[in-house]
Amino acid sequence: MMYGNSRDIRSAQDGVHPSLERLLARHLSSPFTRPVSPATRAAYTTAMAAWDGKQPLLLDAGCGVGWSTLALAREYAGHFVIGVDQSSDRIERGKPGEMPANAVFACADLVDFWRLLLADGLRLDRHFLLYPNPWPKIGHLSRRWHGHAVFPDILALGGTLELRTNWQIYADEFAWAVARVSGRVAPVMAYETDAPLTPFERKYGDSGQTLWRYVVDLNSRVQGG
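Procedures and definitions
Residues numbered from 1 in each chain as written. Predicted model: local features only at pLDDT ≥ 70, side-chain atom pairs only at ≥ 80, totals over all residues. Heavy atoms only, no water. Helix = DSSP H or I, 4+ residues; strand = E, 2+ residues; numbered from the N terminus. Rg over C-alpha atoms; globule rule 2.2 N^0.38 Å. Buried < 20%, exposed > 50% of the residue type's maximum accessible area, 1.4 Å probe, protein only. Areas by Shrake-Rupley, 256 points an atom, 1.4 Å probe, with all protein chains shown as cover. Lys, Arg positive; Asp, Glu negative; His and termini not counted. Charge placed at Lys NZ, Arg CZ, Asp CG, Glu CD. Arc of directions from axis to C-beta. Contact = heavy atoms within 4.5 Å. Pairing = 2+ DSSP bridges.

Caption draft 1: Region of interest: the overall build of the protein chain. When you go through the protein chain residue by residue, the secondary structure sums to eight helices and seven strands. For the protein chain, whose C-alpha radius of gyration is 17 Å, the value lies close to the compact-globule estimate of 17 Å for 225 residues. Expressed along its principal axes, the backbone C-alpha trace of the protein chain runs to roughly 45 × 45 × 35 Å. In the protein chain, which comprises 225 residues, the share counted as buried stands at 49%. Total accessible area on the protein chain is roughly 11,400 Å²; 50% of this is exposed by carbon and sulfur atoms. Put simply, the protein chain has 24 plus and 23 minus side-chain charges, and the middle of one group is 5 Å from the middle of the other.

Here it is as C-alpha cells:
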C-alpha cells in the first residue's frame, strides 16, 4: 500500500491568526449552550457504562478509523480509553489487531461528548487530538478547535493534552490559545516516529512532511499563580 503521496498544507496565513484573541475573548465571555444531541447523549451513556469508574480516563478525540485508540489502549493499559468520532463508517472499519478490553468507541458529536464529560464533573488523565482537520483558509479560524466555542471546555477537562498536526501554524495557534486561556506554556516541537498512531501520521511522514507535536499538562501549577 502506498502512503507517501500527501501534499503540504497551503494557506495564505503565515502566523497566528490576528483574530484569535478576539474570538477567544468572546467564547470566554459567552458560555457555549447549544443543546446536546440525543444521539450523542445515548452514545456517551453507552460508552461510560463500560467504565469501572476507577481507571483514569484517556480520550482519543476524533479517532477516525480507530488505529490510535487501539494503540493507546495497549500503551496505557491501566487507563480506560475512549475513541470518539462522528463517522460510524470510520469507526467500523477493520482494525490492526483485536479490541483491547480497556477501550471503547463512541460514534458521537465530539463537541457534545466533551461537554457531557465536563457536565458530569469528570476529568481526563490524558487527551489526544491527532491530526485534526486544519481548516487552513484564513476565514476558517472558528472551525479549528482552538477557535471553536467549545475550546474552554476542552481545557477544563484537564489532564495531559497532546496535539499532533502536519501544519505548524495550527500547533502554534493551539499553543498560543492554551496559554491565553489557561496560563500554561509548552513548546511546539518537530516530531518523528517509527510507530505512527494513525494512517494520516504514516501518510504525512512517508510524504516527507514535518510533523508537529504539542504536549501540555493542564493540571500543572500556573507560573506565578
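Anyway, onward from the coordinates.
Caption draft 2: Geometry of helix 1 (residues 20-29). Listed as buried for helix 1 are Leu20, Leu23, Leu24 and His27. Projection of helix 1 onto a plane perpendicular to its axis shows the buried side chains occupying an angular sector of 100°, all on one side. Within helix 1, the exposed residues directed more than 90 degrees away from the buried face are Arg22, Arg26 and Ser29. Buried positions along helix 1 lie against helix 6 (151-156) and helix 7 (168-182).

Caption draft 3: Spatial organisation of the pairing of strand 2 (residues 80-85). Of all six residues in strand 2, six are buried, a share of seventy percent or more. Relative to strand 2, strand 1 (residues 57-61) runs parallel, the two sharing five bridges. Bridged to Asp60 within strand 2 is Gly83. Pairing analysis gives five bridges linking strand 2 to strand 3 (residues 103-107), with the strands arranged parallel. By the bridge assignment for strand 3, Val81 is matched with Ala103.

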